[in-house]
Amino acid sequence: MCSRFLHDRGVEPLFEIGDEPSKADIDELEDLLNEFNFATTGIRDGKELAIFERDSHGRMVAGLYGWTWGGTCEIDMLWLDESRRGGGKGSAMLQAAEDEARRRGCEQVVLGSHGFQAPGFYLKHGYELIATVENYPRGSSDNWFRKSL
């Protein structure tokens, strides 16, 4: 882990800066932010959403991860092994996530996709492009999509 500390005129460290945070630190930060969000909004229905497919050896070959909270489903990751692409598996996983989001009372799904990933896939499935950050990463874009359920 590469860590360094920023100091306030040599008294006490202000920040620890690193590029390999522990899973425990990330979990703690997420818990603290979620508690703030829940307390501020009064909405405490947040749940993770995960869909996985594994091959006969237990190796992940497709997966979707996100969460639902306050009437919205956010899909953070959708990935398929190259051997699973093009056969409808991604469409089926996305549909399963949308169905589960509806079951949980969500009215919309939001997600991001870099320009080199699959923005056309989401447009094909009825998602509307709502924002783009150009040149993220360099030479591409970060695109945000929304679909009403």
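Here the structure is shown first, and the text comes after it.
Residues numbered from 1 in each chain as written. Predicted model: local features only at pLDDT ≥ 70, side-chain atom pairs only at ≥ 80, totals over all residues. Heavy atoms only, no water.

Points about the nonpolar core
To keep it simple, the criterion reads: We define the nonpolar core as a collection of buried residues of types Ala, Val, Leu, Ile, Met, Phe, Trp, Tyr and Cys that are connected through side-chain atoms lying within 4.5 Å of one another. Burial here depends on accessible area, computed with a 1.4 Å probe over protein chains only, as a share of the maximum for the residue type. Under 20% is buried, over 50% is exposed, and the range in between is partly exposed. Strands here mean DSSP runs of E at least two residues long; helices mean DSSP runs of H or I at least four residues long; both are numbered from the N terminus. We call two residues in contact when some of their heavy atoms are within 4.5 Å.
In terms of nonpolar packing, the biggest core is built from 17 residues, with Leu64, Cys73, Ile75, Leu111 and Tyr127 touching the most fellow members. Listing elements by their share of this core, those giving two or more residues are β3 (47-54), β4 (60-69), β5 (72-80), α2 (89-103) and β6 (108-114). A total of four residues in this core trace back to one element, the largest contributor, which is α2. Apart from the residues lying within four places of it in its own chain, the contact partners of Leu64 are Leu49, Ala50, Ile51, Phe52, Ile75, Met77, Leu78, Met93, Leu94 and Ala97.

Some points on the pairing of strand β7 (residues 128-134)
The following threshold applies: A strand pair is defined by DSSP finding two or more bridges across the two strands.
Of the pairings in the sheet, the one linking β7 to strand β8 (residues 141-148) comprises six bridges and is antiparallel in character. The partner of Val133 across the bridge, within β8, is Asp142. Linkage of β7 to β8, two consecutive antiparallel strands, is achieved through a turn of six residues, within which Asn135 is found at a positive phi near 60 degrees.

A word on unusual backbone geometry
The omega angle of the peptide bond from Tyr136 to Pro137 is -5 degrees, so this bond is cis rather than trans. Within the secondary structure, Pro137 sits in the loop between β7 and β8. The residue Asn135 is not glycine, and still its phi comes out positive at about 60 degrees. Looking at the secondary structure, you find Asn135 in the loop between β7 and β8.

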